[in-house]
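One letter stands for each residue in the lines below.
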Amino acid sequence: MGSTVNEGVLRVGVVGVGVISQQYFEHFPALPGLELAAVADLDVARAQAVGAEQGVRGTSVDDLLAADDVDVVLNLTIPAAHADVATRALTAGKHVYGEKPLAMSTAEAAPVLDLARRSGLRVGSAPDTVLGTGIQTARAALDDGVIGTPVGAAVAWSAPGHERWHPAPAFYYQPGGGPLLDMGPYYLTSLVTFFGPVVRVSGSATRSTRERTVATGPNAGTPIPVDVDTHVAAVLEHENGVISTVTVSFEVWATRAPLFEVYGTSGTLDVPDPNRFSEPVSVATAQDPTWNGLPTSAGYADAGRGYGLADMAHAIATDRPHRASGDLAFHVLEVMEAVATAARDHVVVPVTSRVDRPATVPHGARPATW
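Below is a short write-up of the structure.

Cut-offs and rules
The residue numbering used here restarts from 1 in each chain and proceeds along that chain's sequence as written. pLDDT decides what is reported in this predicted model: residues at 70 or higher carry local features, side-chain atom pairs at 80 or more are listed and counted, and totals for whole chains, interfaces and linings draw on all residues regardless. The side-chain quantities take in all heavy atoms of the structure and omit both hydrogens and water. Secondary structure elements follow DSSP: runs of H or I no shorter than four residues count as helices, runs of E no shorter than two count as strands, and numbering proceeds from the N terminus. Contacts were defined at the residue level, with two residues in contact if any of their heavy atoms lie within 4.5 Å. Partly exposed residues are those whose accessible area sits between 20% and 50% of the maximum for their type, while under 20% is buried and over 50% is exposed, using a 1.4 Å probe and protein chains only. A positive count includes Lys and Arg, and a negative count includes Asp and Glu. His and the chain ends are not counted in either. Should a side-chain nitrogen of Lys or Arg be within 4 Å of a carboxyl oxygen of Asp or Glu, the pair is scored as a salt bridge. As used in this structure description, the phrase polar contact means that two N or O atoms lie within 3.5 Å; if the pair is within protein, one of them must be able to donate a hydrogen and the other to accept it, and residues adjacent in sequence are counted only when both atoms belong to side chains. Between the N-to-C directions of two axes lies an angle of 0 to 180 degrees, each axis being a line fitted to C-alpha atoms and, for a helix, fitted only over the stretch in contact. Angle categories are assigned with fixed cut-offs, so that under 35 degrees is roughly parallel, over 145 is roughly antiparallel, 65 to 115 is roughly perpendicular, and the rest are oblique. Handedness of a helix crossing follows the sense of rotation of the near helix relative to the far helix, less than a right angle counterclockwise being left-handed and clockwise being right-handed. Here the nonpolar group is Ala, Val, Leu, Ile, Met, Phe, Trp, Tyr, Cys and Pro; Asp, Glu, Lys and Arg are the charged ones; every other residue, Gly included, is treated as polar.

## As for the environment of T133
Part 1: When you line up the elements, T133 lands in helix α6 (residues 133-143).
Part 2: Each C-alpha atom, one on T133 and one on G364, is 8.1 Å from the other, the two residues being 231 residues apart in sequence.
Part 3: In this structure T133 touches F277, S278, T296, A298, G299, Y300 and A301, once residues within four positions along its chain are discounted.

See below:
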């Protein structure tokens, strides 16, 4: 059986209190239908310190998963632990919302979704940045035919590497990390939101031999082993015929390539960064080839990390599909897995899962109070 809701509030237990958790804590007070109940970490002392900061108890992971006052687990662990923590939470009768990727592989992720379905529980997954006004306004413009019929899209995200800013970046260079699994979900989730599911992919990948070291924090100067490809290029064919090209890289020191564009029969859409919630959207058309900003027309206003969880909470209360769903995250994970296979084997790889485009977030919407 699923978790019960206490007086209209979904009580949240956070597992993993690393860097990303602070962004969630910052937005919890603004999210109706959610109440932070407890935090946990493998380092219990750290969990207790963060719990004291947030005014809730800090505890062990086992104790949080067994707690009666936790309805949903917010899984902010490293990617290698995502499937294990999600499985344990579902087994304990709790909904799960996690950071991306959903799991290390589709083989790990599929049993998680199956368990949730059998248990009548929900699984949600980041990124929820795509629910903000930026990507949602871009989607609304595409649906309204602002650039005619979409033909193609191009993504070119790059950076020298996360070790330049993250104090503990080693996991970004281990399986489950790299530019594809770390940054790919933002762009692939946006592309599926725009055009629907991907049916086949091809791609190539490589990594340089340059040495990487931690640049900031107490571990500055520590070497970082690199066990993943750090430059990935892919071609995606969507079910509706749109072709998307996606390049993600930890190897680029500078670039002038557009970050994200969509090309249609009568114009081009300049899509904002899907790692952010509310950047502006621009368009150039056959009638007016200059770039013009579009007014905000959809999306959660002033959104931040945690809005996907709040959207899931409201969906549970109103018995509707939630937008940042496990099924969407699974499809994106399969696409990334297929890209890696295509790059390794030099073949075109079919994608077998299908997912509906999530419902558009209406203009100015906020996750409603339960």
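## Quick word on the side chain of D41
Part 1: Checked against the element boundaries, D41 lands in the loop between β2 (34-40) and α2 (44-54).
Part 2: No salt bridge is formed by the buried D41, whose closest oppositely charged neighbour, R46, lies at an N-O distance of 4.8 Å.
Part 3: Separated by 3.0 Å, the side chain of D41 and the backbone nitrogen of V17 make a polar contact.
Part 4: The residues touching D41, leaving out its near neighbours within four places in the chain, are G16, V17, R46, A47, T59, S60 and V61.

## Focus on the packing of helix α4 (residues 82-91) against helix α5 (residues 106-119)
Part 1: Packing of α4 against α5 leaves a shortest axis separation of 10 Å and a crossing angle of 15°. Relative to α5, the element α4 lies roughly parallel. Note that α4 runs across α5; the crossing there is left-handed. When α4 is examined against α5, the residues A83, A86, T87, L90 and T91 are found in contact with a partner set consisting of E108, V112, L115 and A116.
Part 2: When grouped by side-chain class, the residues that make up the contact of α4 with α5 number 6 nonpolar, 2 polar and 1 charged.

## Digging into the pattern of salt bridges
Part 1: As enumerated under the stated definition, the model contains 20 salt bridges in all.
Part 2: With its nearest N and O atoms 2.8 Å apart, the salt bridge here joins R117 to D114. One end of the pair, R117, and the other, D114, are both in helix α5, 3 residues apart, so they sit about a helical turn from each other.
Part 3: The class of R117 is exposed, set by a relative accessible area of 53%.
Part 4: Residues R207 and D229 are paired through a salt bridge, measuring 3.2 Å at the closest nitrogen-oxygen approach. Residue R207 is located in the loop between β8 (198-206) and β9 (231-238), and its partner D229 is located in the loop between β8 and β9; the two are separated by 22 residues in the primary sequence.

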